[in-house]
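Results of the structural survey
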Amino acid sequence: MDLEWYLALLLFGILHIVLALMLLQDLAGRNKVIGGHKAPWAILIIFITFIGSLLYLVCHPQIFYGEE
Amino acid sequence: MDKPDASQISLPAPIRHDAYRGYILLSMLVFCILFYYLGEIIDLAGWEALRWGFLYGVHDVHRLLFMAPIVYAGYVFGVRAAMMITIIALMTFLPRALFISPFPDPLIRMVIFTIIAGGLGYLTATAHQEWRRCCQLEARLLAEKAAMLTMLEAMTDGVVVIGPDYKIRLANPSMVNHFGEGVGAYCYQYLYQRDKPCRNCKMPGVIAGTTEGWQYHFPDGRTYDVLASPYVDLDGTICQLTTFRQIKPAKS
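Described in the following lines is the structure provided in the data block. These numbers come from a predicted model, not from an experiment. (Residues numbered from 1 in each chain as written. Chains lettered and ligands numbered in written order. Predicted model: local features only at pLDDT ≥ 70, side-chain atom pairs only at ≥ 80, totals over all residues.)

Quick look at the pairing of strand β2 (residues 168–171) of chain B now. Residue and element names in this part refer to chain B. Bridge count between strand β1 (residues 158–162) and β2: 3 bridges; the pairing is antiparallel. Bridge pairing in β2 places V161 opposite L170. With antiparallel pairing between neighbouring strands as the criterion, β1 and β2 make up a hairpin whose turn holds 5 residues, including Y166 at a positive phi of roughly 70°. (Pairing = 2+ DSSP bridges. Helix = DSSP H or I, 4+ residues; strand = E, 2+ residues; numbered from the N terminus.)

Next comes the structure, spelled out in structure tokens:
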């Protein structure tokens, strides 16, 4: 693998961590989640990169209202 | 009936965005992602009729679509949402840059675009938040002015606000009862029927910050205790707030 690949992987990893932390913070402060349990959502966000995060956002769009 | 205690009055709940705005944002994002990989989806599904050259060229134009959800997120929801959508957009671009694009420097081009789009989203969010804050402040100021006017209307003393240009900015109903309508007129015309400011005018001292008091005698026998003090109007101008208390009525 050349340097560009490593850089891209590093970038992807950083993006995943930043996004996952934002979503996990929201998940921790949420009283109700779809399905009733938080753990599966946490696993989904951490291990299913991108798709898991997107799925969480689609199911919990209230995450955006926090800034109001 | 007892007056309700101020602490017991429940304020209305703050206005929240309707849920559909979140779904609009996510729909825009999903549409952009699908459009970005439409060429690959067509290949996968074998939809020959949709195999247009546009879907297989450089994806710089296709990426521009992501500007819409990023700016929308910034405008409606704020900085955090704009950053979140920017990160998702960047993660969407990466597979094409790494595995699909046959064109030169795909990684650099998409990183540059994402930085610009994220910056625009951030600026939109900041500008909109600032605008909303200004609107709230303006509404609060107007509410305070309305409350002050209500108080002035209930006063039995005459109250008049005079600007540094000697023009009357406000006169309460009691003042109008005693002296007639005078908003917009010069104070020396309204009160003393003169053509120019009085020689011993107290206005400069009052505007400088002192409080002045004197008695004002009318030819018909009315006497008023006058108290003038500085007052900052809503536009920031230092004015003279003058109260007139009648201490002697007119001779019958």
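Another aspect to go through is the interface of chain A and chain B. Counting residues at the interface gives 17 residues for chain A and 20 residues for chain B. For the side of chain A that touches chain B, the secondary structure elements donating two or more residues are α1 (3–29) and α3 (51–59) of chain A. Counting residues per element, the side of chain A that touches chain B draws most heavily on α1(A), at 7 residues. Looking at the side of chain A that touches chain B, its residues break down into 13 nonpolar, 1 polar and 3 charged. (Contact = placed C-beta atoms within 7 Å. Nonpolar A, V, L, I, M, F, W, Y, C, P; charged D, E, K, R; others polar.)

This next bit is on the sheet that holds strand β4 (residues 223–232) of chain B. Residues and elements named next belong to chain B. Here 5 strands make up an open sheet; going across it, the order is β2-β1-β5-β4-β3 and the pairing antiparallel. What marks the edges here is a single partner per strand, and that holds for β2 and β3 (212–217). Put simply, the sheet's adjacent strands are angled 25° from each other on average, direction ignored. Two elements, β4 and strand β5 (residues 238–248), share 10 bridges in a ladder whose sense is antiparallel. If you follow S229 over to β5, its bridge partner there is L241. (Axes fitted to C-alpha atoms, helices over the stretch in contact; angles between N-to-C directions.)

On to the nonpolar core. Core analysis: the largest hydrophobic core is formed by 39 residues, its most contacted members being A73(B), I85(B), I87(B), I88(B) and A89(B). Elements with a contribution of two residues or more to this core: α1, α2 (39–47) and α3 of chain A together with α1 (19–36), α4 (67–76), α5 (79–100) and α6 (106–154) of chain B. By residue number, the principal contributor to this core is α5(B), which donates 13 residues. A73(B) has contacts with L25(B), A81(B), A82(B), I85(B) and G121(B), leaving out every residue within four places of it along the chain. Within the second largest apolar cluster, 13 residues are counted, among which are V161(B), A171(B), M175(B) and C187(B). (Core = buried A, V, L, I, M, F, W, Y, C linked by C-beta atoms within 7 Å. Buried ≥ 20, exposed ≤ 12 C-beta atoms within 10 Å, placed from the backbone.)

Attention now goes to the pairing of β1(B). Residue and element names in this part refer to chain B. Counting buried residues in β1 gives 4 out of 5 residues, a clear majority hidden from the surface. With 5 bridges joining them, β1 and β5 adopt antiparallel strand pairing. By the bridge assignment, V159 is partnered in β5 with T243.

What follows covers the packing of α1(A) against α2(A). Residues and elements named next belong to chain A. Look at α1 against α2: their axes get within 10 Å of each other, and the N-to-C directions meet at 175°. It follows that α1 is roughly antiparallel to α2 by the angle criterion. From α1, A20, L23, L24 and L27 reach across to α2, where they touch W41, A42, I45 and I46. (Parallel < 35°, antiparallel > 145°, perpendicular 65-115°, else oblique.)

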